[in-house]
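A structural walkthrough
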Amino acid sequence: MKRNSILKASGILAVLLFPFYSLLAQENEENVYQQISQDSLLRTARTVIESASCRVLITVDENGKPHARAMAPFPIEDDWVIWLGTTQGSRKTKQIQNNPNVIVYYYEPNGRSYVSLAGKARLVNDSDLKAKYWVEGWNYFFPDREKSYILIEVTPENLEIVSFNHNILWDSKGDSRIIDFMTK
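Computed from a predicted model, the values in this text were never measured in an experiment. (Residues numbered from 1 in each chain as written. Predicted model: local features only at pLDDT ≥ 70, side-chain atom pairs only at ≥ 80, totals over all residues. Heavy atoms only, no water.)

For the protein chain, the helix and strand inventory stands at six helices and seven strands. For the protein chain, the N- to C-terminal ordering of α and β elements is α-α-α-β-β-β-α-β-β-α-α-β-β. Within the span of the protein chain, comprising 184 residues, buried residues form 43% of the whole. Across the protein chain, every contact between residues at least 6 apart in sequence was considered, and the portion connecting residues at least 24 apart equals 68%. (Helix = DSSP H or I, 4+ residues; strand = E, 2+ residues; numbered from the N terminus. Buried < 20%, exposed > 50% of the residue type's maximum accessible area, 1.4 Å probe, protein only. Contact = heavy atoms within 4.5 Å.)

Here you go:
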């Protein structure tokens, strides 16, 4: 069962990452393995996140299967915490309650870039925070903010970035650039 989950997750990532792999052959190989400072990677990651036109939350269901859906996260905090709003009792909230491991994926096609933040999610039902993380146009979807709206707080554990436009590609082992927030 776990093997099938891993294969399905690998398939989803392959679909999301295919444009990058096909472009690698076009890049100048001497720049692929350059050393890049962690600060530079983080600055570039923020740039990609801010310009990303595709934002996806990936949760894991009770069978270990990943589920991806487009979301509208609020601007990322200085400490890299991500806030999202959703419907109380939705499928994604139940999945987070059962398994807090999530990924928030940002894709910027024009910059041929992505940032993937893996971490732990928790549901937050705080009136002040719900007022802070609110968009007025959402009244249609959440007519009673106190009863129908809940926040998802994602605390990243690591960040993965690839950006062709910023010349941030794979390292000498062929791995994407990863920053571990747990050891920072």
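With eleven of its 15 residues buried, strand β6 (residues 149-163) lies for the most part within the structure. As judged from the four bridges shared by β6 and strand β7 (residues 177-180), these two strands associate in the antiparallel manner. Residue pairing in the sheet places I161 in a bridge with R177 of β7. (Pairing = 2+ DSSP bridges.)

Below, the discussion takes up the pattern of salt bridges. Opposite charge on two side chains makes pairing possible when the charged atoms of those side chains draw close. Following the criterion strictly, the structure yields two salt bridges and no others. As a salt-bridge pair, R122 and E153 come within 2.4 Å of each other at their nearest N and O atoms. Placement of the pair is R122 in strand β5 (residues 113-124) and E153 in strand β6, with a sequence separation of 31 residues. You can call R122 partly exposed: its relative accessible area is 46%. E146 is the salt-bridge partner of K130, the closest N and O atoms lying 3.8 Å from each other. On the criterion of sequence distance, the pair formed by K130 in helix α5 (residues 127-132) and E146 in helix α6 (residues 145-148) is long-range, its members being 16 residues apart. The class for K130 is buried, based on a relative accessible area of 0%. (Salt bridge = Lys/Arg side-chain N within 4 Å of Asp/Glu carboxyl O.)

The next point concerns helix α4 (residues 91-98). The complete set of buried residues in α4 reads K92, T93, Q95 and I96. In a view along the axis of α4, the buried residues occupy a sector of 160°, so they form one face of it. Exposed and oriented more than 90 degrees from the buried face of α4 are R91, Q97 and N98. Its buried side turned inward, α4 meets β1 (54-60), β2 (66-70), β3 (82-87), β4 (101-108), β5 and β6. (Arc of directions from axis to C-beta.)

Moving on: the packing of aromatic side chains. Counted according to the given criterion, the structure contains eleven aromatic pairs. For the pair W138 and F142, a centre-to-centre distance of 6.2 Å together with 65° between the ring planes defines the contact as edge-to-face. Neither W138 nor F142 differs from the other in exposure class; each is buried. Their ring planes at 85° and their centres at 5.2 Å tell us that Y140 and F141 sit as a pair that is edge-to-face. Each member of the pair, Y140 as well as F141, carries the same accessibility label: exposed. Among the aromatic side chains, those forming a connected cluster through ring pairs are F74, W83, Y133, W134, W138, F142 and Y149. A cation over an aromatic ring shows up here: R46 above the ring of W80, its NZ or CZ 4.2 Å from the ring centre. (Phe/Tyr/Trp six-rings, centres within 6.5 Å; stacked < 30°, edge-to-face > 60°. Lys NZ or Arg CZ within 6 Å of the ring centre and 35° of its normal.)

A few words now on the pairing of β3. Taken across its six residues, β3 has five buried, putting it largely inside the fold. Summarising the sheet, β3 and β6 pair through six bridges and their orientation is antiparallel. Looking at the pairing, G85 lines up with L151 of β6.

Moving on to the nonpolar core. In this structure, W80, I82, Y106, V115, L117, V154 and L159 are the most contacted members of the largest nonpolar core, which totals 27 residues. If you list the elements that add at least two residues to this core, you get α3 (38-51), β3, β4, β5 and β6. Ranked by the residues each element gives to this core, the list is headed by α3, at five residues. Setting aside its immediate chain neighbours within four residues, V115 contacts A45, V48, I49, V104, Y105, Y106, L159, E160 and I161. Counting ten residues, the second largest nonpolar core, distinct from the first, contains W83, W134, F142 and L151. (Core = buried A, V, L, I, M, F, W, Y, C linked by side-chain atoms within 4.5 Å.)

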